[in-house]
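Chain by chain, the residues run as shown.
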Amino acid sequence: MKNGNMLFQGKEFYETLFEESPVGIVIQGVDGRVERANLKFCQMFGYSIEEVTGALLDDLVAFDPDLACHAASLTKDVIKGQELFIETERVRKNGTRFPVVIRGVPIIQGEKVQAVYALYEDISERKEAENDLRRERAHFERIMLDSPDGIAVFDGEGIIIRCNHAFEDLFGLERGTGVGSCLSDAVGSGGKKEQVEKNIEEIKNKKRVDHESVRTRKDGKDIFVAVRSASISPGEDPEYMVIYRDISERKRAEEALFTERSYFENLFVNSPMA
């Protein structure tokens, strides 16, 4: 234990932490100039250690006119003793802007701020992933809204969290009443609720539901539907999607064809020439 304590108390240990940190670290004087910076900071902003040391920090990372005033205000606040934790943008030496998380901690000795310890984390990859997710969701929402099929997204409790107008129209629901209702209540009229609840459990157990069935609208009218469902967002807050396509016209045509075939087959069998 004693050797372990000696390790953490050694200057070399903390020098290694500073230099090998995965985030950019800067020690800034109360005059706003950089006293020290680690390699990650220099790489992040595209400077050499010689260019960074002694330069005004805001001139290095916020020289873009759109950022300069806000950055200067934040620097003043930290030098006055306020801690800083913010997600914003900064600019590299080559002029490219990128998203960062900044943590600024005033170093206080003798009740006076002597310097500022600042951490910079490049969050470009996280932001790009978030943007991709937003674009994907927007694309899905557009498809959902424009689809002629009834589409509903429900949570682990079977509560509808999103649905399109086609879904509400298909099942005779008032516009705007689908979201927040239980899926089995919305589409399980006419004694079909138990069957819908069974389908919901199948989907939650990671089984795809793909079948044709009869559902009853709120006005009591039966409709034939093709049902397709799947999990779309597994995890702690799962989401599931179900698509209902009205196939009533097709079913009526099939029944009419079956009746016609039965008629002619019966006519042939009972013909005196058979």
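First, a word on what this report is: a plain description of the structure on this page. These figures come from a predicted structure and were not determined experimentally. Just so you know, the residues in each chain are numbered from 1, in the order the chain's sequence is written. Predicted model: local features are reported for residues with pLDDT of at least 70 only, side-chain atom pairs are reported and counted for 80 or more only, and whole-chain, interface and lining totals are derived from all residues. To get the side-chain values, take all heavy atoms of the structure and skip hydrogens and water.

1. Description of helix α6 (residues 65–79)
- Strands here mean DSSP runs of E at least two residues long; helices mean DSSP runs of H or I at least four residues long; both are numbered from the N terminus. In this analysis, the expected span of each helix is defined as 1.5 Å times one less than the number of residues it contains. With 15 residues, α6 extends 22 Å from end C-alpha to end C-alpha; this agrees with the ideal 21 Å at 1.5 Å per step.
- Among the residues of α6, Leu67, Ala71, Leu74, Thr75 and Val78 are the ones counted as buried. When α6 is viewed along its axis, its buried side chains cluster within an angular range of 105 degrees and face the same direction. Facing away from the buried side of α6, by more than 90 degrees, are the exposed residues Pro65, Cys69 and Lys76.
- Contact criterion: two residues are considered in contact whenever any of their non-hydrogen atoms come within 4.5 Å of each other. The inward-facing, buried residues of α6 abut β1 (24–29), α5 (57–61), β3 (84–91), β4 (97–109) and β5 (112–122).
- Throughout this description, a polar contact denotes any pair of N or O atoms lying within 3.5 Å of each other; where both atoms belong to protein, one of them has to be capable of donating a hydrogen while the other can accept it, and for residues adjacent in sequence the pair is counted only when both atoms sit in side chains. Capping the start of α6, Asp64 holds a side-chain oxygen 2.9 Å from the backbone nitrogen of Asp66, two or three residues further along. Each residue is assigned to one of three classes by its accessible area relative to the maximum for its type, calculated with a 1.4 Å probe on protein chains only: buried under 20%, partly exposed between the two thresholds, exposed over 50%. Starting at the helix axis, one direction is taken to each C-beta atom, and the arc is that of these directions.

2. Side note on the packing of aromatic side chains
- Between the rings of Phe, Tyr and Trp (Trp by its six-membered ring), a pair exists once the centres lie within 6.5 Å; its type follows the angle of the planes, with under 30 degrees stacked, over 60 edge-to-face, and the other angles tilted. The final tally for this structure, using the stated rule, is eight aromatic pairs.
- Seen in terms of ring centroids, Phe41 and Tyr120 are 5.6 Å apart; in terms of plane orientation they differ by 65 degrees. Their pairing is edge-to-face. Of the two residues, Phe41 is situated in helix α3 (residues 39–45) and Tyr120 in strand β5; the sequence distance between them amounts to 79 residues.
- On the basis of relative accessibility, which here comes to 0%, the residue Phe41 falls in the buried class.
- Judged by relative accessible area, which is 5%, Tyr120 ranks as buried.
- Between Phe171 and Tyr244, the aromatic rings sit 4.9 Å apart at their centres with planes inclined by 85 degrees, giving edge-to-face as the arrangement.

3. Overview of the sheet that holds strand β10 (residues 239–246)
- Pairing between strands is defined by DSSP: at least two bridges between them are needed. Spatially, β7-β6-β10-β9-β8 is the arrangement adopted by the five strands of the open sheet, whose pairing is antiparallel. At either end of the open sheet lies a strand with only one pairing partner, and these are β7 (160–163) and β8 (209–216). Put simply, the sheet's adjacent strands are angled 30 degrees from each other on average, direction ignored.
- Lines fitted to the C-alpha atoms define the axes, with helices restricted to the stretch that makes contact. Angles between their N-to-C directions range from 0 to 180 degrees. Running at roughly 70 degrees to β7, helix α7 (residues 124–146) makes contact with β6 (150–155), β7 and β10 of the sheet.

4. Focus: the state of the cysteines
- The disulfide criterion is simple: two cysteine sulfur atoms within 2.5 Å. Across all of its chains, the model carries zero disulfides by this definition.
- As a non-bridged cysteine, Cys182 has Cys163 as the owner of its nearest cysteine sulfur, 13 Å distant.

5. Things to note about the pairing of strand β9 (residues 222–233)
- When β8 meets β9, the two strands line up antiparallel, connected through eight bridges. Looking at β9, one finds that Val209 is bridged to Ser229.
- Relative to β10, β9 runs antiparallel, the two being bridged by eight bridges. When the sheet's bridge partners are listed, Ser229 is paired in β10 with Val242.
- The turn joining β9 and β10, which pair antiparallel and follow one another in sequence, is formed by five residues; a positive phi near 125 degrees is taken by Gly235.

6. Side note on unusual backbone geometry
- Even without being a glycine, Glu111 presents a positive backbone phi close to 65 degrees.
- The residue Glu111 is located in the loop between β4 and β5 in this model.

Everything listed is a geometric property; what it means functionally is a separate question.
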